[in-house]
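# Tertiary structure, described
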Amino acid sequence: MISSRSLSVTQLYEDNLEKLKLTWVGAVGVERHVELKDMETYGPDVVGHMNLIYSHRVQVIGKPEQKWADQFGLDRWHQLIGDLLAAKAPALIIADGLEVPTGTLEACEAADTPLFTSPKACSAVIDLLHLYLARRFADTVSVHGVFMDVFGMGVLITGDSGIGKSELALELVSRGHGLVADDVVELARIAPTTIEGRCPGMLRDYLEVRGLGLLNIRTIFGETAARRKMKLKLIVHLQKQTPNDNLPRLPLESQSQEILGIPIRKVVFHVAPGRNLAVLLEAAVRNCILHLRGIDSMSEFVNRQQQAVLDDNI
């Protein structure tokens, strides 16, 4: 049974046909699967330069491999190719616009191993496929909320149903920011410390606002009002204020929330009459940007206060 963390070679070929200008030259139509092995805790290390030790990879052959073959001769090359195909490599790609080495096509046909050629540089093929496979094999989770682009930063707005997330998003869009997703946000860990958020295709560009129904944000506000994806940097949680809330006036420590094993900076806004949540959220984003640049306003204030106390005691 094929693992859920696998991808067919045919799908890989079709998705990257134009970008890499791939030509399927050997074992055409034979189906193989690229699989993410259990040993790989993160990241699809399933594409790279020709390597027998990592036979589960898509093997990319370029000028370095050609130089090696020229140095050691065809017999050694045929032996290496035979060992690689016997180890069930999912596919071979001849890059750098090279001709298929003698005997390689016949060996791939005999072993039912797909063989492709590309005029692109070997390094470019590996880099592009690595990014492609990182997204295809990424750990994912769907969350309830609204995902926005605010000042170029991905902001996830969460909170109970009916608390005003969509109304806040609509006000932010009217202030020039962008909508990524409403109601359902698909989050994927595309790098060890990076989470990317997208909108399911069915809901793309739509925002549901109570009393108005579904609004097509792209149609109403223009092309710049919608985004396809953003990297998640901040979570803004909306919470109803109750008489028993005992919140510190100046929280000394920043909050965070783990998503897919990555801590994401988080702020909590209490919803109450008269509070301009859009302005507060913009301020929170600006403060987060400063924090990412190494500027912590709270720490600076605490240090200033401590220095003032020391000066008074002198």
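Residues numbered from 1 in each chain as written. Predicted model: local features only at pLDDT ≥ 70, side-chain atom pairs only at ≥ 80, totals over all residues. Heavy atoms only, no water.

## A word on the pairing of strand 14 (residues 229–240)
Direction of pairing for strand 9 (residues 153–159) relative to strand 14: parallel, over a ladder of six bridges. Counterpart to Gly154 in the pairing with strand 14 is Leu232. Looking at chain direction, strand 11 (residues 194–198) and strand 14 are connected through three bridges and run antiparallel. Along strand 14, the bridge assignment pairs Glu196 with Lys231. Sheet topology note: the strand 14/strand 16 (residues 262–271) ladder contains seven bridges and is parallel. Among the inter-strand pairings, Gln239 is bridged to a residue of strand 16, identified as His270. (Pairing = 2+ DSSP bridges. Helix = DSSP H or I, 4+ residues; strand = E, 2+ residues; numbered from the N terminus.)

## Side note on the pattern of salt bridges
In the structure shown here, the tally under the stated rule is eight salt bridges. One salt bridge in this structure joins Asp15 and Arg136, with 3.1 Å as the shortest N-O distance. Of the two residues, Asp15 sits in helix 1 (residues 9–20) while Arg136 sits in helix 5 (residues 122–136), which places them 121 residues apart along the sequence. Among the residues examined, Arg136 registers a relative accessible area of 42% and is labelled partly exposed. Connected through shared salt-bridge partners, Arg135, Glu196 and Arg198 make up one network. (Salt bridge = Lys/Arg side-chain N within 4 Å of Asp/Glu carboxyl O. Buried < 20%, exposed > 50% of the residue type's maximum accessible area, 1.4 Å probe, protein only.)

## Description of the sheet that holds strand 7 (residues 115–117)
With mixed pairing, five strands are arranged side by side in an open sheet as 2-7-6-5-4. The outermost strands of the open sheet, each flanked by one partner alone, are strand 2 (23–26) and strand 4 (47–49). For this sheet the average axis-to-axis angle between neighbouring strands, irrespective of direction, equals 30 degrees. As defined by bridge partners, strand 4 adjoins strand 5 (residues 58–61) across three bridges and the pair is classed as parallel. From the neighbouring strand, Gly48 faces strand 5, where its bridge partner is Gln59. Against the sheet, helix 4 (residues 104–111) touches strand 2, strand 6 (92–94) and strand 7, its axis set at about 80 degrees to strand 2. Sheet strands touched by helix 5: strand 4, strand 5 and strand 6. Its angle to strand 4, the strand with the most contacts, is close to 160 degrees. (Axes fitted to C-alpha atoms, helices over the stretch in contact; angles between N-to-C directions. Contact = heavy atoms within 4.5 Å.)

## Considerations on the packing of helix 1 against helix 5
It is the contact of helix 1 with helix 5, at a shortest axis distance of 11 Å, that shows an interaxial angle of 135 degrees. Relative to helix 5, helix 1 is oriented oblique. Seen from above, helix 1 lies across helix 5 with right-handed handedness. Along its contact with helix 1, which presents Gln11, Leu12, Asp15, Asn16, Lys19 and Leu20, the element helix 5 presents Val125, Leu128, Leu129, Tyr132, Leu133 and Arg136. Residue composition of the contact of helix 1 with helix 5, grouped by class: seven nonpolar, two polar and three charged. (Parallel < 35°, antiparallel > 145°, perpendicular 65-115°, else oblique. Left-handed = near helix turned anticlockwise from the far one by under 90°. Nonpolar A, V, L, I, M, F, W, Y, C, P; charged D, E, K, R; others polar.)

## Topic: the confidence of the model for the chain
Put simply, the chain has an average pLDDT of 88, and 92% of its residues get 70 or more. This stretch, residues 39–43, has a pLDDT under 50; its non-local contacts, to residues over four places away or in other chains, come to nine contacts. (pLDDT = per-residue confidence, 0-100.)

## Concerning the nonpolar core
If you look at the biggest cluster of nonpolar residues, it comprises 28 residues, and the most contacted ones within it are Met148, Val155, Ile157 and Leu281. Secondary structure elements with two or more residues in this core: strand 8 (139–150), strand 9, helix 6 (165–174), strand 12 (206–209), strand 14 and helix 8 (277–292). Top element by residues in this core is helix 8. It accounts for six residues. The residues contacting Ile157, other than those within four sequence positions of it, are Gly145, Val146, Met148, Lys165, Leu168, Leu172, Val236, Leu238 and Leu281. If you look at the next biggest cluster of nonpolar residues, it comprises 24 residues, including Leu20, Val58, Val60 and Ala95. (Core = buried A, V, L, I, M, F, W, Y, C linked by side-chain atoms within 4.5 Å.)

## What about the packing of aromatic side chains?
With the rule as written, the count across this model stands at four aromatic pairs. Geometrically, the ring pair formed by Tyr13 and Trp24 is edge-to-face, given 5.2 Å between the ring centres and 65 degrees between the ring planes. Of this pair, Tyr13 sits in helix 1 while Trp24 sits in strand 2; the two residues are 11 residues apart in sequence, bridging distant segments of the chain. With respect to burial, Tyr13 and Trp24 carry one shared label: buried. A centroid spacing of 4.9 Å and a plane angle of 35 degrees characterise the contact between Trp68 and Phe72, whose relative ring orientation is tilted. Highlighted residues: Trp68 and Phe72, both in helix 2 (residues 63–72), separated by four residues, approximately one helical turn. In this structure Trp68 comes out as partly exposed when scored by relative accessible area, which is 26%. The rings of Tyr13, Trp24 and Phe116 are connected pair by pair, giving a single aromatic cluster. (Phe/Tyr/Trp six-rings, centres within 6.5 Å; stacked < 30°, edge-to-face > 60°.)

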